[in-house]
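If you want the building blocks of each chain, they are given just below.
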Amino acid sequence: MRVRRRPAPGIDCKPPSSGSRLVSIGSDASVSPGATGWTGQPFERREDAALLTGTGRFADDLGVRPGTLHAAFVRSPHAHARARAIDVSAALAVPGVRTVLTGEDIRRWAAPFVVGVKAPMEHWCLAVDKVRYAGEPVALVVAGNRYLAEDAADLVRVDYEPLPVAVEIAQAVAEGAALLHEAVGSNVVSDRSFVYGDPDRAFAAATHRVRLDVRYPRNSCTPIECFVAVAEHLAGGEGYDVLSNFMGPFSLQAVMALALKVPSSKLRLRSPRDSGGSFGVKQAIFPYVVALCLASRKAGAPVKWVEDRLEHLSAATSATGRASSVEAAVDAHGRILALDYDQIDDVGGYLRAPEPATFYRMHGCLTGAYDIPSLRVRNRVVVTNKTPAGLVRGFGGPQVYFALERVVHEIARRLQLDPLDVFRRNFIPRAAFPYRAAAGALIDSGDYHGALELAVRDGALEELRTRRAQARAQGRLYGIGFAAIVEPSISNMGYITTVLTPEARARAGAKNGAIATATVSIDLLGGVAVTVASVPQGQGHATVLSQVVADVFGLHPDDIAVNVELDTQKDAWSVASGNYSSRFAGAVAGTAHLAAMRLRHRVAAIAAAQLNCAPADVVFAGGKLHSRAAPDRALHFARVASGPHWAPALLPEGQVPGLRETAFWTPEQLAAPDAQDRINTSAAYGFAFDICALEIDRATGSVRIDRYVTAHDAGRLLNPALADGQIRGGFAQALGAALMEDFAYSTDGAFLSGTFADYLVPTAAEVPEPMILHIETPSPFTPLGAKGLGEGNSMSTPVCIANALADALGPEVAAEAIALPMTPSKILALIGMADPPPAKPPTAASAQAPKSGGRALAMSGAVELKAPPQAVFDVLLDPAALAAVIPGCHALSAIGEHRYSADVTLGIGPVRARYRAEVALSEIVAPRTLRLAGCGTGALGSAEGSGRVTLSPAGSGTRLEYEYEVSVGGKVAAVGGRMLEGAARIVLGQLFERLDRRALLGTDAAPAESAWKRWLHRLGITQ
Amino acid sequence: MKPAAFDYIRADSADEAVALLAEYGDDARVLAGGQSLMAVLNMRLAQPKALIDIHRASDLNRIEDDGALRVRAAATQAALMRYAGLEHKAPLLAQALPHLGHFQTRNRGTVCGSVAHADPSAELPLCLATLDGEVVLRSKRGRRSLKARMFFTGMLQTAREPDELIEEVRFPRLSTGERQGFVEVSMRHGDFAIVALAAVVSREAVRLGVGGVADRPTVAHWPRLEGAALDDALNQLAWELGAQDDHHASAVYRRHLVRTLGRQLISRLLREQDA
């Protein structure tokens, strides 16, 4: 075991000297190969020179063939609606528009995507009958440039019939819920139960049962670069060629080919060298790739699409939301005897591949870092009217550990134990590895106790506990939290079949393994080149590969050329290829090592003939080869290695020309689920132990992280500087998940987080520097002993912060009240805020605060009009007068009794939203009351509202009382959430002002300036 | 996220800008730093026929001091922030400006642009209202000057007529014996405020401006209040603002911040003044 410790600049702490080895990490050009070579050294990233000089090669920078057209999607403003008809004629009439792809084309040319469970659900690349989430693509406009495409997209008319929604899990599973996929007959599209060991006995024998209901919200990791794809339909039945920033898993290549109804060999996927980040989310580009292929087919030209931020936030993907009930059976000493999980996943409108993998990626290791023999699990997958869920850094881990580690915190609290003792009593013992967990994970290696003790010692926990005691003595809110997590890496391609019953699995055929590929070759002048199917997203794969391969050949990393672009028609790849499940260090770098070793054996055989020694005695060092016995007589590597190209006839017997080796490697431990549903979900399992100390500001509820310690064991570290970079990035994103990030939906399913002013991601100003510690217990199962570590903090940090907050808030706050994201407003609500009533009633403006829990906007109030009730009522019933009263009404025509169609432009400040609206009057009791209802759609989305108006005489005028509900969907809701309430007030104010003015036209009184100032004042329009 | 087509017209002087506004009126939008407008255009929430770009108009690119700080239409927030002696002339601005976005947005964003946009959570409208500043509007019809409380008429709504250019805003300078203070709570550094408070305390009176709660910056004028009287006044103000729930913060939380931070801010300024 090696121990590394890094001091954490910027954090006010002085860890005691530990005697552990300090490794200096940074841009030190003098880094030299250590005793074990380049691998393991903090070698500077070779990717950065291009990135820092603006010469990166990102998908959008690569240029396209002349004649390439550009796409814009038409998206649903509704969360749930039937798309009855679509009219593209106005869009096609825009000069520069080539074509519009709609659901009709999709039905003709494509097939629905294959779904991971047996249920009659169809998911197509464009909506074909219904829309099931706000932002779902319904059509795609192809034009000469993106501006024109967006002009035309605004002109596509879709006739929607809005349907009742099921937005939240509880709503979706309730009796009589609106059904998203009617043929399934339920929104629960998968329901599986599992039993391992003997949980019944464990619970019966338990001294304590500790149970917690928790929720994990919907959030994401928002890369700087959104989706990009250029798709071309090739002439002559050659299929499709796609350049995109799709990142894998390449099992989805098969899903795309099946949807396109082409042989998979004729769907060529290419990846650019550089990426602006993915964190899993670029998996979700695949339905768009299919749509763009079909658009190219229809347009007869290549089609390019660059997703914008609004599209990305609203409709790309999301981490799966989860509602969990977890219960632990605990003995008197705090030993956990069994766990019982009841989990419901909110996957959004469609079960998009690889869902329901959020559940099953973690299935084998649901018992976490603990030696718990018995386990009961129920997993239900629920569809809701939200964006489909998918891969987001940590995939499945944040959801599981938020439940499990909150329960462990609760066990310590209820049994009045030191949380550290609960960990120590339950951790898988050092000697037990490889350890078979109850649900089947074969946890390869680890030293959980050692990592905990390192974090406690180097993180100076005692000092933090002293600070907490001092702070509490002063009445301040200071808390310390912990989290221990097992971080799986290198996913078993068979784990997803755990969702099927053993019988269904047997029928479907076995799936298992996690094949990684790498190719190493030597060229005419002895240059070494490496290609891999790892599709890096900024992690520095090229740097690490050059270190690993340089060591094999005794070369310098700068001597190794690495090409990480992928071309599925030319490169070696397989089902597990791609950049996910932290598989690079353990699988891909190891496979590159294996390929390089094969090539080295061949070079050694050639050199042995020249050096007069056995191949095994050839030493590769310093760019030269020599016999172990005669180090002085050395040959240049390049000369020996280039020989076979120039003089193949001189090759020793048994050697073939061509120095190129491709290795395919799969971890043999990754079997398919067994008949008892045990599944080794991943090849390697790292570990992280975190400590968070924080303080809550009593006045504002804001959180200051005093110190964050994160101790990792990811096996052998191939490049510690890159490892720390991964940890910092994961920590920053997890901090966002803990304190800020949440995809918000209104109760009617409108999406409310369409900008970075609404979806809050922490910036450098909000992220403290964590103290990063490492221990290294190599994996016995990966070629280099390495494991993944990029996702650990996504799993550990949200719950560690939550535990620290629970500790700070104290036992008076219910454990279940700790719900992510913990915003200052929520935290202060838990502390309790005195909200004394006002001494005198506030003016009307503040009396109109919205009712909570209803539709998106619901308000009520009253205004006094100068005109008498009959005059006001007459205006409402007279179409011509009504047209003059509705703000921004350009034209109004009757389409039935008391039903009108209207063209309305609503304006607030610089914003102008034009709606085609229908207005209807009902429940008419003249001249006292009526209901005014309207709905409209336009390029900025949809709006629907209904309100009751009641008139009563007040002096010579009228008292008009109103209550209304409005729901707003689409772009206006997504980007203007902060303003909607105020906007509704303004429009209402305009309506009443015009109503009174119009009503007064028939009477003697004219509205005095002061009078309507007064109404506006009551509405809160002025003060 | 590409804007609809528009004509781009560069005005190199205030005269030119005013002439163009007379011609286009409501069909045009003035482009200064573009920090709010460009986002609105890109999302097609606004589709003006023309943009009148004033950011190179040399006669609009100044900050002057004639007893008030006169910030011309094209002067950036960064220019105001580094204006010599700002912390003595208008300490409220010096304290508020670091909260306003980020240095990148302050380098482009203008003071008058923020006032023109009238976002209820923005810092500069709050400062202007609390300092009882003025907005100078100019059109071909002439010039007029409006007090901030008359200028801000609602959320994103102002008294500017379509043919008027905000030629400058005027921030009164700190008076002798006056203390000014600013405090803001936002989710992240540089975000729009959940609650922002600006206060001016003189020997006789207290002014407290609140941003982020009502539909526009709202200023309370009180005599020097302390103790329970201050608490009562703050509580009444907190309710009068008509706070609303949104997905970042509750109405209760906003009222709470108005009370607690208002009390902290005013008490601190009173103490400083007495010292």
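Residues numbered from 1 in each chain as written. Chains lettered and ligands numbered in written order. Predicted model: local features only at pLDDT ≥ 70, side-chain atom pairs only at ≥ 80, totals over all residues.

(A) Representation of the overall build of chain B in the model. Assigned secondary structure in chain B consists of 11 helices and 14 strands. Expected size for 275 residues packed as a compact globule is a radius of gyration near 19 Å; at 19 Å, chain B falls within 12% of this value. Overall size of chain B, expressed as C-alpha extent along the three principal axes, is 55 × 45 × 35 Å. Split into buried and exposed, the 275 residues of chain B put 55% on the buried side. (Helix = DSSP H or I, 4+ residues; strand = E, 2+ residues; numbered from the N terminus. Rg over C-alpha atoms; globule rule 2.2 N^0.38 Å. Buried ≥ 20, exposed ≤ 12 C-beta atoms within 10 Å, placed from the backbone.)

(B) Just the overall build of chain A, in detail. On a plain count of helices and strands, chain A comes out with 27 helices and 37 strands. Relative to the 2.2 N^0.38 estimate, which gives 31 Å for 1023 residues, the radius of gyration of chain A is 32 Å and therefore close to what a compact globule would have. Taking the principal axes of the C-alpha coordinates as reference, chain A spans close to 120 × 75 × 55 Å. The buried share among the 1023 residues of chain A stands at 59%. Relative to all contacts within chain A whose residues are 6 or more apart in sequence, the contacts with residues 24 or more apart total 77%. (Contact = placed C-beta atoms within 7 Å.)

(C) Representation of the sheet that holds strand β20 (residues 516-522) of chain A. All names here are of chain A. Strand order in this open sheet of 4 strands is β22-β21-β20-β27, and the pairing throughout is mixed. Each edge of the sheet is formed by a strand with only one pairing partner; in this case those strands are β22 (560-563) and β27 (660-665). Averaged over neighbouring strand pairs, the angle between their axes works out to 20° when direction is ignored. As defined by bridge partners, strand β21 (residues 528-532) adjoins β22 across 4 bridges and the pair is classed as parallel. Residue Val530 lies in a different strand from β22, and its bridge partner there is Val562. (Pairing = 2+ DSSP bridges. Axes fitted to C-alpha atoms, helices over the stretch in contact; angles between N-to-C directions.)

(D) Just helix α7 (residues 251-260) of chain A, in detail. Among the 10 residues that make up α7(A), 7 are buried, leaving the element largely enclosed by the rest of the structure. Within two residues after α7(A), A:Lys261 carries a phi angle of roughly 55°, on the positive side.

(E) Layout of the interface of chain A and chain B. Counting from both sides, the interface comprises 56 residues of chain A and, opposite them, 46 residues of chain B. Secondary-structure elements contributing two or more residues to the side of chain A that touches chain B are α4 (146-153), α9 (309-315), α21 (824-831), α22 (844-847), β34 (911-925), α25 (971-976) and α26 (980-1001) of chain A. Within the side of chain A that touches chain B, the residues separate by chemical class into 30 nonpolar, 14 polar and 12 charged. (Nonpolar A, V, L, I, M, F, W, Y, C, P; charged D, E, K, R; others polar.)

(F) Representation of the sheet that holds strand β3 (residues 50-53) of chain B. Residue and element names in this part refer to chain B. The 3 strands are arranged β1-β3-β2 in an open sheet whose pairing can be described as parallel. Looking at strand neighbours, the two that pair on one side only are β1 (7-10) and β2 (28-31), the edges of this open sheet. Neighbouring strand axes in the sheet, compared pairwise and without regard to direction, differ in orientation by 25° on average. With 4 bridges connecting them, β2 and β3 associate as parallel partners. Note that in β3 the partner of Arg29 across the bridge is Leu51.

(G) How the structure looks around the pairing of strand β14 (residues 321-330) of chain A. All names here are of chain A. Counting buried positions along β14 yields 9 of 10 residues, so the element is predominantly enclosed. Note: strand β9 (residues 208-216) against β14, 9 bridges, orientation antiparallel. Paired with Leu212 across the bridge in β14 is Val326. Relative to strand β15 (residues 336-346), β14 runs antiparallel, the two sharing 10 bridges. Residue pairing for β15: Ala328 is matched across the bridge by Leu339. With antiparallel pairing between neighbouring strands as the criterion, β14 and β15 make up a hairpin whose turn holds 5 residues, including Gly334 at a positive phi of roughly 90°.

(H) View of the pairing of strand β11 (residues 240-244) of chain A. Residue and element names in this part refer to chain A. The element β11 is extensively covered by neighbouring structure, given that 5 of its 5 residues are classed as buried. Here β11 shows a buried face lined by Tyr240, Val242 and Ser244 and a second buried face lined by Asp241 and Leu243. Relative to β11, strand β10 (residues 228-233) is paired through 5 bridges, and the arrangement is antiparallel. In the strand pairing of β11, Val230 is matched with Leu243. From the end of β10 to the start of β11, which pair antiparallel, there are 6 residues, and Gly236 there has a positive phi angle of about 70°. At this point the chain moves from β11, through α7, to the parallel strand β12 (residues 267-271), and the crossover so formed is right-handed. (Right-handed = clockwise from strand over helix to strand, strands pointing away.)

(I) Region of the structure containing the nonpolar core. Residue and element names in this part refer to chain A. Ranked by internal contacts, the top residues of the largest apolar core, which has 424 residues, are Val141, Val289, Val549 and Ala592. Counting residues per element, this core draws most heavily on helix α17 (residues 584-611), which supplies 14 residues. Residues in contact with Val289, not counting those within four places in the same chain, are Ala229, Ala231, Val242, Ser244, Phe246 and Met256. (Core = buried A, V, L, I, M, F, W, Y, C linked by C-beta atoms within 7 Å.)

(J) Quick peek at unusual backbone geometry. Put simply, A:Gly248 and A:Pro249 share a cis peptide bond, and its omega is 0°. With respect to the secondary-structure elements, A:Pro249 resides in the loop between β11 and α7. Cis geometry marks the peptide bond from A:Ala353 to A:Pro354; its omega dihedral reads 5°. Of note, the phi angle at B:Arg44 is positive, near 60°, even though the residue is not glycine. At B:Asp132, a residue that is not glycine, the phi angle is positive and equals roughly 60°. By secondary structure assignment, the location of B:Asp132 is in the loop between α8 (123-130) and β6 (134-139).

(K) The arrangement of the environment of A:Glu565 in detail. Residue and element names in this part refer to chain A. Summarising the element assignment, Glu565 is placed in the loop between β22 and β23 (566-567). We classify Glu565 as partly exposed; it has 17 C-beta atoms within 10 Å. As a C-alpha pair, Glu565 and Asp274 span 291 residues in sequence and 8.3 Å in three-dimensional space. In contact with Glu565, other than residues within four places in its own chain, are Ser271, Pro272 and Arg273.

(L) Structural view of helix α12 (residues 419-426) of chain A. The set of residues buried in α12(A) consists of A:Pro419, A:Val422, A:Phe423 and A:Asn426. Seen end-on, α12(A) carries its buried residues on one side only, within an arc spanning 100°. (Arc of directions from axis to C-beta.)

(M) Region of interest: the environment of A:Asp874. Counting through the fold element by element, A:Asp874 comes out in helix α23 (residues 869-877). A tally of 17 C-beta atoms within 10 Å means that A:Asp874 is categorised as partly exposed.

(N) Structural context of the confidence of the model for chain B. For chain B, per-residue confidence averages 96 on the pLDDT scale, and 100% of positions sit at 70 or higher. For this predicted complex, the interface score ipTM comes out at 0.96, while the overall pTM is 0.94. (pLDDT = per-residue confidence, 0-100.)

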